[in-house]
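Analysis of the macromolecular model
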Amino acid sequence: MTSTRRAGPARPLLIAALLILAAALAAALLRPRTDTATQPPAQASQASGSLPATVTDARVVAVPPGIRETSVFATLRSTWDADVRITGVSSPAAGHVMLMVTRTQDNMTGMSMTGSLTIPAGGTLTLSDTGDHLMLMDLKEPLQPGQTIPITLTDAEGRTLTILAPVTKP
């Protein structure tokens, strides 16, 4: 999205392949889950810390062995009367974690790393496969469905919130 350089005939094929991959991932993630009975709501996502927010529906997408990055989705709700600006994220499961935004420009949708994500005052920020999300990069070991991954969010004021997110199949 940020490049204005024109490429040769391979670019339309790459774009088509990425769109097909995105559609397949979206279809898999939107498919009704049949394993919800094995994850009681109290264990699905837990949070602690002083960042003024709560977390629901947190999950890390299980990926095949050899894939070294994956997405994290959740719903973050502000418990404060001002915007909460998330400026950092980390996890012991990954070499680094990125805050990602998804935007559409000129009929093309793409994602890019950002310096912050904002939970509106008293509102919610939904991290999803079709919108803003987190990316665990350089996974230190393969993640197994049912495993719980700690992910720590940090806001602009240095407050933290640790999410315990289960690894789930797409």
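That block above? That's the structure.
The paragraphs below set out a description of the structure included in this document. These figures come from a predicted structure and were not determined experimentally.

1. As for the overall build of the protein
Of the regular secondary structure elements, the protein holds two helices and eleven strands. Counting from the amino terminus, helix and strand elements in the protein follow one another as α-α-β-β-β-β-β-β-β-β-β-β-β. Counting over 170 residues, the protein shows a buried share of 35%. The long-range share in the protein, meaning contacts at least 24 apart out of those at least 6 apart in sequence, stands at 66%.

2. A look at the nonpolar core
In terms of nonpolar packing, the biggest core is built from 32 residues, with Val60, Leu134 and Leu136 touching the most fellow members. Residue contacts for Leu136: discarding those within four places in its chain leaves Val60, Arg68, Glu69, Thr70, Val72, Ser91, Ala94, His96, Val97, Leu143 and Ile149.

3. A closer look at the packing of aromatic side chains
Tallied over the entire structure, the rule returns zero aromatic pairs. Looking at Arg159, its charged tip hangs above the ring of Trp80, at a distance of 4.3 Å from the centre.

4. A few points about unusual backbone geometry
Here Asp57, not a glycine, exhibits a phi torsion of approximately 55°, which is positive. As for its position among the elements, Asp57 is in strand β2 (residues 53-61). With a relative accessible area of 53%, Asp57 lands in the exposed category.

5. Comments concerning the side chain of His133
Its location among the elements puts His133 in strand β9 (residues 133-139). Residue class for His133 comes out buried when judged on its relative accessible area of 3%. Not counting residues within four places of it along the chain, the set of residues in contact with His133 comprises Ser71, Val72, Phe73, Met98, Leu99, Met100, Thr102, Met111, Leu117, Leu127 and Ser128.

The rules behind the values
- Residues numbered from 1 in each chain as written.
- Predicted model: local features only at pLDDT ≥ 70, side-chain atom pairs only at ≥ 80, totals over all residues.
- Heavy atoms only, no water.
- Helix = DSSP H or I, 4+ residues; strand = E, 2+ residues; numbered from the N terminus.
- Buried < 20%, exposed > 50% of the residue type's maximum accessible area, 1.4 Å probe, protein only.
- Contact = heavy atoms within 4.5 Å.
- Core = buried A, V, L, I, M, F, W, Y, C linked by side-chain atoms within 4.5 Å.
- Phe/Tyr/Trp six-rings, centres within 6.5 Å; stacked < 30°, edge-to-face > 60°.
- Lys NZ or Arg CZ within 6 Å of the ring centre and 35° of its normal.

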